[in-house]
Amino acid sequence: MAWSLLLRGGTVVDGTGAPGRTADVAIEGDRIAAVGPRLAGEAARTIDAGGKVVAPGFIDAHSHSDLFYFGVPSAESKVRQGVTTEVVGMCSFSQAPLRADQREVIQGWAGGIGANLDLRWETFAQYLDALRAVRPSVNVAHFVGHGALRIAAMGFEARPASRDDLRAMEKLLGEALEAGAFGFSSGLVYAPSAYSDTPELVALARSMAKRGGLYFSHVRGESSMLLDSLAEAVRIGEEGGVGVQVSHVKASGRENWPRIDDALGLIEAARRRGVDVTGDVYPYNAGSTKMDNLMPTWAHDGGIGKLIERLADRATRRRIVEECLVDGERWRTVSQGGIGFDQIFVASCRRRELEGLDLAQVARQSGRPPAETLMDLLLEERCTVGMVSFSQSLDIVAKVLAHPHLMIGSDSIPLFEGEGDRPGKPHPRTYGTFPKVLGEYARERRLFPLETAVHKMTGMPAARLGFQDRGVVRPGNAADVTVFDPATVKDEATYPDPHRYPTGIPYVIVNGAVVVDGGRFRAAGTGRVLTPA
Ligand SMILES: [Zn+2]
C-alpha cells in the first residue's frame, strides 16, 4: 500500500466523542484511506504524531468570514486555529443575492467592516462561483441571509412583507438553496431582518422544509427579550418543519444574566417535544458587531444613508438618547442590554488612533458626553466602525459551553485589507476561539473531557449541517485533519493584542494538503465550497 501521507503514532480523537486511542492515520489524495494501530504500508511522506492528538479539522459553526476570503484567501488566522471548514452567511448577512441597483446599499449594510470590495455578482450561484475562483484555504458552507433576501425583494424598508414580497423572497431562497446554500439565517436585531414578523419567517422556513433547509437564528433579543426570542426561534422551526440553530447563545446585560438557566431549559424542553433545535457559542464574554447596531432598529429604516441623515438631525438624536441612555451612564439596546460606555471598545475605525479605546475614553478626548460622542463618531465615520462590547458573564459562558447540544462557533469578524496586514483591534475570537476551548476550558478548567471539546467543533457541527464525509476521522472521509499538542495548545490573542496566532497546533490538513506544516503556514487553495448532501 502506498499512501500520500501517513500520520504515525498520534492519539486519534475521532470527533464522535469516543475516547482517544493510539492509531496511525493514512491519507491518499484528498481522502482518509485507513485508521488503525501500526498500519503496514509505505507513504510518500510520514509525520510523527507521537504525543499529539490527531483530530478532524475543526468546523466553525458560525463565522462572518464571507468577504475575508476575497481579500485574504489564505484565511491564515482561521487555519492556524485548526479550522478547516467555516459556516458563513450568518445573522441575516450575506453578500448575495444582490440586485445591481442595490450595490451601494449592500456595501453599506454588510460590507461596512473590512476592505471595500467590488461586489460583481448578482445571483447566489454567481457569488458561490466567485468564491470558488478565489480558492480559499478552508471549506465553506454557506447560508443565505434573511436581510439579503428582504433587501432584494422589497428594499430596506421598515414594514411587514406583503404577499408578493414573500413570494419574491421564497423564490430567491429557493434559488440560493439550488445553488448550494444550507438554509437561511436571520439577524432579528439587525435591520432589515428585524422588520419581519414571525409568520414571515415561518413561511420562509416552510418553503425550504422539503429540501431539508436549516434555519440559523440570531434571535430577536439576547437581553430582556431573551426567552420570548428563543421561543420564537423554536416556533419557526416547529411550524416551519425545519431544524433550528440558535446562534451565539448568551444572556446580554447584567440584569439578564439570571435568565440563562430558563433559556437553556427552553431549548431542552423543545428538544424533548421533538423539535430539532441546537445552538452554538463562543468562549468569550465580549461580543462584536458594527457600532451602528447600538442605534435602535427604527433608525436604520431605509438603510445606512438614511441612518446617517438621522444622526445629523438634532431632534432624532434626542429621541435616540431618550430611548437608549439609562441613568445617564449606560446605553441600552435589545441586542446588548444595558452596558457602560467604558465596556464598548472601538475595534476598527478610519481614525486608527481610536482603535482599542473605549467610548468613555473617546468622550474624554472629545470633551463631549459619551452618548453624543457615540453618535458623532458614527456620523463622522459614516457608520463604518466596528466594536467589541462586554455584556456577558464568564460564568455563563462556561455553563453554555458545557451544554450537551451546543457546539463551537466563533462568530468572528476578521478585519483585513489584504494578505499579511493586521488592521484594527478585532475581537480575539478571530484568532483564538478553538485553541481557547481546548487549552483553557478542557485542559486547564476541566469543564469537559478533551474528546467532548473536539466533538463540539467537529462531529457535532458536521451532524448539524448534514455533512456526510467530514467531522469524523474515519476511512473514506475527506482528509481534513488537525494535529495539536494537548499539553500546550493555547490561544495567544488578547483584547489589546488580538493579532496573535495560537500555539500548539503544528499540522492542519485541508482536503489532503498540508496547510500548516510543522508550524509553518503555506496556503494551498484546497478549500471547497460545500453543498448539502
Ligand atoms: Zn449574530
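Now for a quick tour of the structure.

Rules used throughout
- Residues numbered from 1 in each chain as written.
- Predicted model: local features only at pLDDT ≥ 70, side-chain atom pairs only at ≥ 80, totals over all residues.
- Heavy atoms only, no water.
- Helix = DSSP H or I, 4+ residues; strand = E, 2+ residues; numbered from the N terminus.
- Rg over C-alpha atoms; globule rule 2.2 N^0.38 Å.
- Contact = heavy atoms within 4.5 Å.
- Areas by Shrake-Rupley, 256 points an atom, 1.4 Å probe, with all protein chains shown as cover.
- Lys, Arg positive; Asp, Glu negative; His and termini not counted.
- Charge placed at Lys NZ, Arg CZ, Asp CG, Glu CD.
- Core = buried A, V, L, I, M, F, W, Y, C linked by side-chain atoms within 4.5 Å.
- Buried < 20%, exposed > 50% of the residue type's maximum accessible area, 1.4 Å probe, protein only.
- Pairing = 2+ DSSP bridges.
- Axes fitted to C-alpha atoms, helices over the stretch in contact; angles between N-to-C directions.
- 1 Å grid on protein atoms, 1.4 Å probe; cavity = no way out; pocket = protein on both sides within 12 Å on 5 of 7 lines; lining within 4 Å.
- Points joined across faces, edges and corners; volume = space filled by probe spheres on them.
- Nonpolar A, V, L, I, M, F, W, Y, C, P; charged D, E, K, R; others polar.
- Donors = N, O, S within 2.8 Å, 3.2 Å for Na, K, Ca; no water.
- Disulfide = S-S within 2.5 Å.
- Polar contact = N/O pair within 3.5 Å; in protein donor to acceptor, adjacent residues only side chain to side chain.
- Parallel < 35°, antiparallel > 145°, perpendicular 65-115°, else oblique.
- Left-handed = near helix turned anticlockwise from the far one by under 90°.

So, on to the overall build of the protein chain. When helices and strands are tallied, the protein chain shows 17 helices and 25 strands. The C-alpha atoms of the protein chain give a radius of gyration of 22 Å, which matches the 24 Å a tight globule of 533 residues would have. Considered along the principal axes of its C-alpha atoms, the protein chain spans approximately 75 × 50 × 45 Å. Taking the contacts inside the protein chain whose residues are at least 6 apart along the sequence as the reference set, 75% of them involve residues at least 24 apart. When the accessible surface of the protein chain is split by element, carbon and sulfur atoms take 48% of a total near 19,100 Å². Each charge class in the protein chain was averaged separately, 61 positive and 65 negative side chains, and the resulting centres sit 2 Å apart.

F124, F184, Y215 and F484 are the most contacted members of the largest nonpolar core, which has 114 residues in total. Among the elements that make up this core, the one with the highest residue count is helix α6 (residues 163-179) (seven residues). With near-sequence residues (within four places) excluded, F184 lies in contact with F143, V144, H146, L173, L201, L204, A205, M208, L214, Y215 and F216. One finds I320, L354, V362 and M375 within the second-largest nonpolar core, a separate group that totals 30 residues.

This paragraph deals with the sheet that holds strand β19 (residues 386-390). Pairing is antiparallel in the open sheet, where three strands are placed in the order β14-β19-β18. Two strands bound the open sheet, and with one partner strand each, they are β14 (286-290) and β18 (344-348). Adjacent strand axes in the sheet meet at a mean angle of 30°, parallel and antiparallel pairs treated alike. Note: β18 against β19, four bridges, orientation antiparallel. When the bridges of β19 are listed, S348 appears paired with G386.

With five of its five residues buried, β19 lies for the most part within the structure. Pairing of β14 with β19, which is carried by five bridges, proceeds in the antiparallel orientation. Bridging from a neighbouring strand, S288 pairs with V388 of β19.

Moving on to empty space enclosed by the protein. In the structure shown here, the tally under the stated rule is five cavities of 30 Å³ or more. Lining the largest cavity are 40 residues, and of these H64, F93, T289, K290 and I413 lie nearest its centre. No other element matches the four residues that β14 contributes to the lining of the largest cavity. Tallied by class, the residues present in the lining of the largest cavity amount to 16 nonpolar, 17 polar and seven charged.

The next thing to look at is the coordination of the zinc ion. Within the first shell, the zinc ion binds the protein through C91 (SG), H218 (ND1) and H248 (NE2), at distances of 2.0 to 2.2 Å. Overall, the relative accessible area of 3% leaves H218 in the buried class. Note on H248: relative accessible area 2%, which makes it buried.

Strand order in the open sheet formed by four strands is β6-β7-β8-β25, and the pairing between neighbours is parallel. For this open sheet the edge positions go to β6 (58-60) and β25 (529-530), each flanked by a neighbour on one side alone. Inspection of the sheet shows strand β7 (residues 83-88) paired to strand β8 (residues 139-142) by four bridges, in the parallel sense. Residue pairing for β8: V87 is matched across the bridge by A141. On top of the sheet, helix α4 (residues 124-133) reaches β8 and β25; it is set at about 170° to β8, its chief contact.

Under the counting rule described, the total for this entry stands at zero disulfides. Just so you know, C349 is unpaired, no disulfide at all, and the nearest cysteine sulfur is the one on C383, 11 Å from it. Here C349 falls in the buried class, since its relative accessible area comes to 4%.

Positionally, R220 belongs in the loop between β11 (214-218) and α8 (226-240). Engagement of the side chain of R220 in a polar contact is seen with the backbone oxygen of S196, the distance being 3.0 Å. At 2.8 Å, the side chain of R220 forms a polar contact with the side chain of E232. Filtering out sequence-adjacent residues up to four positions away, R220 remains in contact with L188, V189, A194, S196, D197, T198, L201, M225, S229, E232 and V334.

Moving on, we get to the packing of helix α3 (residues 103-110) against helix α5 (residues 146-154). At a minimum axis distance of 11 Å, the contact between α3 and α5 shows a crossing angle of 155°. By the criterion of interaxial angle, the relationship of α3 to α5 is roughly antiparallel. Crossing of α3 against α5: the hand is right-handed. In this structure, α3 uses V105, I106 and W109 to contact α5, whose residues at the interface are G147, A148 and I151. A breakdown of the residues in the contact of α3 with α5 according to their chemical character gives five nonpolar, one polar and no charged.

Attention now goes to the pairing of strand β22 (residues 507-510). The side-chain alternation of β22 yields two buried faces, one formed by Y507 and I509 and the other by V508 and V510. For β22 and strand β23 (residues 513-517), the ladder comprises four bridges, and the chain directions are antiparallel. Its bridge partner being in β23, I509 is matched across the sheet by V514. Connecting β22 to the next strand, β23, in antiparallel fashion are two residues, including N511 with a positive phi near 50°.

Bringing unusual backbone geometry into the picture now. In most cases, non-glycine residues show a negative phi, while peptide bonds are predominantly trans. The linkage connecting A96 with the following residue, P97, adopts the cis geometry, with an omega of -5°. Counting through the fold element by element, P97 comes out in the loop between β7 and α3. Residue A191 is joined to P192 through a cis peptide bond whose omega torsion reads 0°. With respect to the secondary-structure elements, P192 resides in the loop between β10 (183-187) and α7 (198-209). Of note in this structure, C91 is not a glycine but carries a positive phi near 60°. Here C91 lies in the loop between β7 and α3.

Everything listed is a geometric property; what it means functionally is a separate question.
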